[in-house]
Amino acid sequence: MLTTTTNSGNTDKILFTEYSVVEGQKSGALPLSQATRQERIRSVDPAVQAEADKCGAGIIGVLNEFLEYSCAFRIVQQHFPDPPSQAAADAAEYNYAEALDKTFLFFEAQRSGKLPENQRVKWRGDSGLKDGSLQGVDLVGGYYDAGDHVKFGLPAAFTVTMLAWGTIEYRKEITELNQMGHALWAIRWGTDYFMKAHTQPNVLWAQVGDGDSDHYCWERAEDMTTPREAFKLDQYHPGSDLAGETAAALAASAIAFKPYNSSYSELLLLHAKQLFSFADRFRGLYDDSIKCAKQFYTSSGYSDDLLWAATWLYRATNEECYLKYVVDNAEYMGGTGWAVKEFSWDNKYAGVQILLSKVLMEGRGGAYTATLKQYKAKADYFACACVQKNAGYNVHLTPGGLMYVREWNNMQYASAAAFLLSVYYDYLSAANAKLNCPDGQIQPQQLFDFAKSQADYILGKNPNSMSYLVGYGPKYPVHVHHRGSSIASVYNLDSPVGCVQGFETWYRRNEGNPNVLHGALVGGPDQNDKFTEDRSNYEQTEPTLTACAPLVGLFSKLQGSSKTSENPVEFLHSIASTWNVGETTYYKHKVIIKNTSQKPITDLKLTIENLSGSLWGLSPTSENRTYQLPPWLKVLKPGSQCTFVYVQGGPQAKVSVLSYN
């Protein structure tokens, strides 16, 4: 069947019914006469009649020469116009290596304390050099949380856990990109501070600065005049969530450092074990002990943090007591009860469930296998919800395809979920396992595709055709809600900028920020993909540590995967012919689909993006931009191939595998 399709992938008009073109061959039907073909065109839409008459025999030429002539395509093109095109960058792979390097720059820009000589962000200077002095403890160092200068413990610890996890999973990719030094430094800037803050086995200094007083001022970190009071957790003021997350961060970091600095790794592990014991023995919410944190980072509970810490300690030590802990407490602490659609600094359940699924799929469950299967069922729920295969209980996606959870800094949920699914994709693939969702069995590849879609949205493949990673691409936010970025550097303006002066002179100015905050992932658009770039719009223009940390692993994975495809299908693109209609050049694209595996492939479904013209040789499905092989081609045997073609102006469409059996 010869059809014309729009960019949505739906069949809009059937122009010729008894004709199917695959590699220029008919599918057993007799060719239609010129008069019949022209009549079919008229019967579809009378508005094309005049154009069909003008084309005359050109229509037959289009069929017989497989679109060598442009007349018929002009008819299709005029009556089925292209949708608005996105940025030219949509047609190409993104430079994930560049995005990774910029992400590390953001962490350098967020450093507190005495900066090292190899600091690459030159507009920053030393700051917070007296942190902790009022309480007689050295709390110099660590990271500023976001666009402010508070050192919040809970999001900072989650940040370091994510940095370490990405470094563990994608050590090979990060090393090949010559970024391992930056990765370990990013982790260590956090872990050195955490160990300073852990002054006794049951004492953890959890926060420096107060959000209320800090937010009254708009000033550079180097000029800080706001109170730098420090707040601690102890047996009388517990914080199982924050202490548990810090234990997880140190345990994960111990794994990351082990190949490079074994003694430092052992020190991290010692602190991690002590902090887990402290968190488990003296239970309570950290924001009940540190009241001023509640309105900024409210904790919904600590059970997930305890399971998270124990899981990481098991991975770091292989000591059975930690695996027994997550199994014995699976039901009581919600590990096998909570089915979630969010992974964040406040909700670690999906991370726990996926980590424990790895243990199960590697055959290391032993006596705990039954409970680990329950953990895996909840991991599958999260994954199925992300790829919209969860019987309606799915994560919400914006019209442009971005995962949307809530208004303030939504990008942190998208980046974390994308990283988590890239990891789960690896675990499932290593075990040669598939994912059983309520809406059917799917290939692990769909998890990877989701992760890539979120990364690409961040980098520019979105309705606004802009990058939400500052400094990446031709268009990105320049009015970032960030004190240091928005005020001239201390090296260019050496006089202090006070609280009120900062608001009046710098916060409210219309110009872009004088210092580019490279690698900062801003909060991003709303649920309808709308983005208002205004420095005062902190929900959308403020970056956070927690949003950027998962990008290290995600970008590393994507850059590594762009070199080697794990699909059993290879696509060979070529341009068969070109022609001009007026000032527009059209191309006949030929795509060979080849089975490069040793097994037959059935039920192959393809996603075709950036398709604005007509396509022949594949059958559209009910899903947008999704196609399958024609009905007569049930199986693609090993080494065999088939062909489809499409015609359009501009860059080639992007073809990828959605699923197969």
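Residues numbered from 1 in each chain as written. Predicted model: local features only at pLDDT ≥ 70, side-chain atom pairs only at ≥ 80, totals over all residues. Heavy atoms only, no water.

- Per an unreviewed UniProt entry, the protein carries the name Endoglucanase and comes from Citrus clementina.
- Turning to the protein, the UniProt annotation filed under Catalytic activity (unreviewed entry) states: "Endohydrolysis of (1->4)-beta-D-glucosidic linkages in cellulose, lichenin and cereal beta-D-glucans."
- For the protein, the Sequence similarities (unreviewed entry) comment in UniProt is given as "Belongs to the glycosyl hydrolase 9 (cellulase E) family." (UniProt positions renumbered as here; feature names shortened; annotations may be inferred.)

Comments concerning the pattern of salt bridges
Here is step 1 of the chain: Within this structure, the stated rule accounts for 28 salt bridges.
Here is step 2 of the chain: With a shortest N-O distance of 2.8 Å, Asp131 and Lys151 are connected by a salt bridge. Remark: Lys151 occurs in strand E3 (residues 151-152) and Asp131 occurs in the loop between helix H5 (96-109) and E3; sequence separation between them is 20 residues.
Here is step 3 of the chain: In this structure Lys151 comes out as buried when scored by relative accessible area, which is 2%.
Here is step 4 of the chain: Asp131 is the salt-bridge partner of Arg228, the closest N and O atoms lying 3.0 Å from each other. Taken together, the residues span a long stretch of sequence, with Arg228 in the loop between helix H9 (211-215) and strand E5 (230-233) and Asp131 in the loop between H5 and E3 at a distance of 97 residues.
Here is step 5 of the chain: Relative accessible area serves as the criterion here: at 13%, Arg228 is assigned to the buried category.
Here is step 6 of the chain: Classification of Asp131 as buried rests on a relative accessible area of 3%.
Here is step 7 of the chain: Via salt bridges that share partners, Asp101, Glu108 and Arg120 belong to a single interconnected network. (Salt bridge = Lys/Arg side-chain N within 4 Å of Asp/Glu carboxyl O. Helix = DSSP H or I, 4+ residues; strand = E, 2+ residues; numbered from the N terminus. Buried < 20%, exposed > 50% of the residue type's maximum accessible area, 1.4 Å probe, protein only.)

Notes on the state of the cysteines
Here is step 1 of the chain: Inspection of the entire model under this criterion finds 2 disulfides.
Here is step 2 of the chain: Sulfur-sulfur distance for the disulfide between Cys217 and Cys499 comes to 1.6 Å. Because the sign of the S-S torsion sets the handedness, a value of about 65 degrees for the bond joining Cys217 and Cys499 places this disulfide among the right-handed ones. One end of the pair, Cys217, is in the loop between H9 and E5; the other, Cys499, is in helix H20 (residues 499-507), and 282 residues separate them in sequence. One exposure class covers both Cys217 and Cys499, and it is buried.
Here is step 3 of the chain: Residue Cys384 pairs covalently with Cys437 via a disulfide, S to S 2.0 Å. Judged by the sign of its S-S torsion, about -90 degrees, the cystine formed by Cys384 and Cys437 is left-handed. With Cys384 in helix H16 (residues 369-386) and Cys437 in strand E8 (residues 435-437), this residue pair connects regions lying 53 residues apart in the sequence.
Here is step 4 of the chain: Accessibility expressed as a relative area gives 1% for Cys384, which makes it buried. (Disulfide = S-S within 2.5 Å.)

Quick look at the confidence of the model for the protein
Here is step 1 of the chain: Per-residue confidence for the protein averages 85 on the pLDDT scale, and 85% of its residues sit at or above 70.
Here is step 2 of the chain: Long-range and interchain partners of residues 1-92, a stretch whose pLDDT sits below 50, account for 154 contacts in this model, where long-range means more than four residues apart. (pLDDT = per-residue confidence, 0-100. Contact = heavy atoms within 4.5 Å.)

So, the sheet that holds E5
Here is step 1 of the chain: Overall, antiparallel pairing links the 3 strands, which are arranged E3-E4-E5 in an open sheet. In this open sheet, the two strands that pair with only one neighbour each are E3 and E5.
Here is step 2 of the chain: Pairing geometry for E3 and strand E4 (residues 204-208), over 2 bridges, is antiparallel. Pairing of Phe152 across the sheet is with Gln207, part of E4. (Pairing = 2+ DSSP bridges.)

So, the UniProt feature "active site" (unreviewed entry) in the protein
Here is step 1 of the chain: The feature "active site" (unreviewed entry), as annotated in UniProt, sits at His481 in this numbering.
Here is step 2 of the chain: Relative to the assigned elements, His481 resides in the loop between helix H18 (445-459) and helix H19 (483-486).
Here is step 3 of the chain: When sequence neighbours within four positions are dropped, the list of residues in contact with His481 reads Gly147, Trp218, Tyr507, Arg535, Ser536, Tyr538, Thr541, Glu542 and Pro543.
Here is step 4 of the chain: One polar contact links the side chain of His481 to the main-chain carbonyl oxygen of Arg535, over a distance of 2.7 Å. (Polar contact = N/O pair within 3.5 Å; in protein donor to acceptor, adjacent residues only side chain to side chain.)

Thoughts on the side chain of Thr159
Here is step 1 of the chain: Tracing the chain through its elements places Thr159 in helix H6 (residues 153-169).
Here is step 2 of the chain: Here the side chain of Thr159 touches Pro155 through a polar contact of 2.8 Å, landing on its backbone oxygen.
Here is step 3 of the chain: Beyond its immediate stretch of four places on either side in the chain, Thr159 contacts Phe107, Leu545, Thr546 and Ala549.

A word on the environment of Thr298
Here is step 1 of the chain: With respect to the helices, strands and loops of the structure, Thr298 is situated in the loop between helix H12 (286-289) and helix H13 (303-317).
Here is step 2 of the chain: Residue Thr298 is classed as partly exposed on the basis of its relative accessible area of 40%.
Here is step 3 of the chain: For the pair formed by Thr298 and Leu154, sequence separation is 144 residues and the distance between their alpha carbons is 9.6 Å.
Here is step 4 of the chain: Those residues within four positions of Thr298 in sequence are excluded, and the remaining contacts are Asp287, Ala293, Trp345 and Asp346.

Some points on the environment of Ser562
Here is step 1 of the chain: Looking at where Ser562 falls in the secondary structure, it is placed in the loop between helix H22 (545-561) and strand E10 (569-581).
Here is step 2 of the chain: Along the sequence, Ser562 and Tyr96 sit 466 residues apart, while their C-alpha atoms lie 9.1 Å from each other.

A word on the environment of Gln527
Here is step 1 of the chain: Considering the arrangement of structural elements, one finds Gln527 in the loop between H20 and helix H21 (538-541).
Here is step 2 of the chain: Judged by its relative accessible area of 40%, Gln527 is partly exposed.
Here is step 3 of the chain: The spatial distance from the C-alpha of Gln527 to the C-alpha of Glu407 is 8.1 Å, given a sequence separation of 120 residues.

What to know about the nonpolar core
Nonpolar side chains in soluble globular proteins generally cluster together in the buried interior.
Here is step 1 of the chain: Residues Trp165, Phe343 and Leu447 are the most contacted members of the largest nonpolar core, which totals 157 residues.
Here is step 2 of the chain: When residues in this core are grouped by element, the largest group, 13 residues, is from helix H17 (residues 411-430).
Here is step 3 of the chain: Beyond its immediate chain neighbours, meaning those up to four positions away, Phe343 contacts Phe158, Met162, Trp165, Trp308, Lys348, Ala350, Gly351, Phe382, Tyr413, Ala416 and Leu420.
Here is step 4 of the chain: With 21 residues, the next largest nonpolar core counts Leu615, Leu633, Val655 and Val657 among its residues. (Core = buried A, V, L, I, M, F, W, Y, C linked by side-chain atoms within 4.5 Å.)

Quick look at the packing of helix H15 (residues 349-361) against H17
Here is step 1 of the chain: Remark: H15 packs on H17, axes separated minimally by 10 Å, with the N-to-C direction vectors making an angle of 10 degrees. Considering the angle they form, H15 stands roughly parallel to H17. Residue-level inspection shows Ala350, Gly351, Ile354, Leu355, Ser357, Lys358 and Met361 of H15 in contact with H17, the latter providing Leu420, Tyr424, Tyr427 and Leu428.
Here is step 2 of the chain: In terms of residue class, the contact of H15 with H17 is built from 8 nonpolar, 2 polar and 1 charged. (Axes fitted to C-alpha atoms, helices over the stretch in contact; angles between N-to-C directions. Parallel < 35°, antiparallel > 145°, perpendicular 65-115°, else oblique. Nonpolar A, V, L, I, M, F, W, Y, C, P; charged D, E, K, R; others polar.)

Focus: unusual backbone geometry
Here is step 1 of the chain: In this structure, Asn318 takes a positive phi of about 60 degrees despite not being glycine.
Here is step 2 of the chain: What makes Asn318 exposed here is its relative accessible area of 52%.
Here is step 3 of the chain: Of note in the backbone geometry, Arg625 takes a positive phi value of approximately 60 degrees without being a glycine.
Here is step 4 of the chain: The residue Arg625 is located in the loop between strand E15 (619-620) and strand E16 (626-628) in this model.

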